[in-house]
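A structural walkthrough
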Amino acid sequence: MLSRKTAKLIDRLANGKSSKELHDNYGIKPVSTLNKDWWEQVAYYESWVVKNGLDSVKTDQKGHALNPDLISGATINVAELSQAVKNAIDGKIEDGGYTLKTGTSYNSIYGLYVANVIFKDGEIIKILLDFITNDGMSSKEKYDNYGMKNVSSIKKDWWEQAAYFEDWVLKNGIDSVKYDSQGKALNVDLISGATMLVDDMTLAVIDALKKN
């Protein structure tokens with residue numbers, strides 16, 4: 001069993017888009033017997049595995065959970081999620097032509113920043129960032145409940161600004177990010193979509209790119 005202090009963050013790329021960033025626009029909520037979209041079911045699965053352990057997940061031939069308490073929060077294909085977690089634990093970073101590099105940056109005041117840089121045929125095709133606050137929660141899963149939108153000058157919550165930063169870095173390169181002593185971006189076109197602190201996000205991406 002994994003420590004309860006362990007955090008699991010699972011995402012899925014479909015047509016180059018992050019399923020967690022699609023949030024309720026993913027589209028399975030209306031047809032879900034649980035009335036939950038993909039991100040909600042994945043968040044439940046993550047917490048369940050942290051509590052019960054990956055080896056406790058039992059699935060049928062279609063990949064759906066057989067554990068009653070897991071089914072109660074996740075009716076999606078969990079066999080694929082379990083394989084992804086197993087690959088991460090085993091250190092397998094290549095699958096289906098994709099390569100993953102993960103980096104982190106820890107801020108003692110705020111929490112842990114995590115950057116997943118995804119490559120296809122040697123080229124970066126996607127950057128996925130998340131921020132684990134000191135209460136152990138994923139900032140992307142908090143979505144509009146993070147609480148930044150109401151005080152943001154651009155009316156965007158953390159996940160929206162992080163998604164903008166991801167795309168900006170993919171287009172311009174991590175070395176193009178400039179920020180001040182407080183950690184706020186100096187690039188005018190970056191500021192237009194991300195007014196939050198970008199220093200630790202930048203360092204997390206740099207840390208990922210250093211990995212072999």
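Right, let's walk through the structure included here. (Residues numbered from 1 in each chain as written. Predicted model: local features only at pLDDT ≥ 70, side-chain atom pairs only at ≥ 80, totals over all residues. Heavy atoms only, no water.)

**Things to note about the sheet that holds strand β6 (residues 123-133)**
Taking strand neighbours across the sheet as the criterion, the four strands line up as β3-β4-β5-β6 in an open arrangement whose pairing is antiparallel. Of all the strands in the sheet, just β3 (94-95) and β6 have a single pairing partner and so form its edges. As defined by bridge partners, strand β4 (residues 98-107) adjoins strand β5 (residues 111-120) across ten bridges and the pair is classed as antiparallel. Directly across from Y106, in β5, lies its bridge partner L112. (Pairing = 2+ DSSP bridges. Helix = DSSP H or I, 4+ residues; strand = E, 2+ residues; numbered from the N terminus.)

**Things to note about the pairing of β6**
In terms of burial, β6 is largely enclosed, as eight of its eleven residues are buried. Here ten bridges tie β5 to β6, and the two strands are oriented antiparallel to one another. Considered in β6, the bridge of G111 is made with T133. Between the end of β5 and the start of β6, which pair antiparallel, lie two residues, with D121 showing a positive phi angle near 55°. (Buried < 20%, exposed > 50% of the residue type's maximum accessible area, 1.4 Å probe, protein only.)

**A short note on the packing of aromatic side chains**
Summed over the entire model, instances satisfying the criterion amount to five aromatic pairs. Taking 5.9 Å as the distance between ring centres and 25° as the angle between the ring planes, the aromatic pair formed by Y26 and W38 counts as stacked. Pair noted here: Y26 is in the loop between α1 (19-22) and α2 (38-52) and W38 is in helix α2, with a separation of twelve residues, a long-range link. Aromatic side chains Y113 and F131 sit 4.3 Å apart centroid to centroid with 15° between the ring planes, which places their arrangement in the stacked category. Note that Y113 is positioned in strand β5 and F131 in strand β6, a separation of 18 residues in sequence. Like F131, Y113 is buried. One aromatic cluster is present, formed by Y113, F131, Y146 and W158 through successive ring pairs. (Phe/Tyr/Trp six-rings, centres within 6.5 Å; stacked < 30°, edge-to-face > 60°.)

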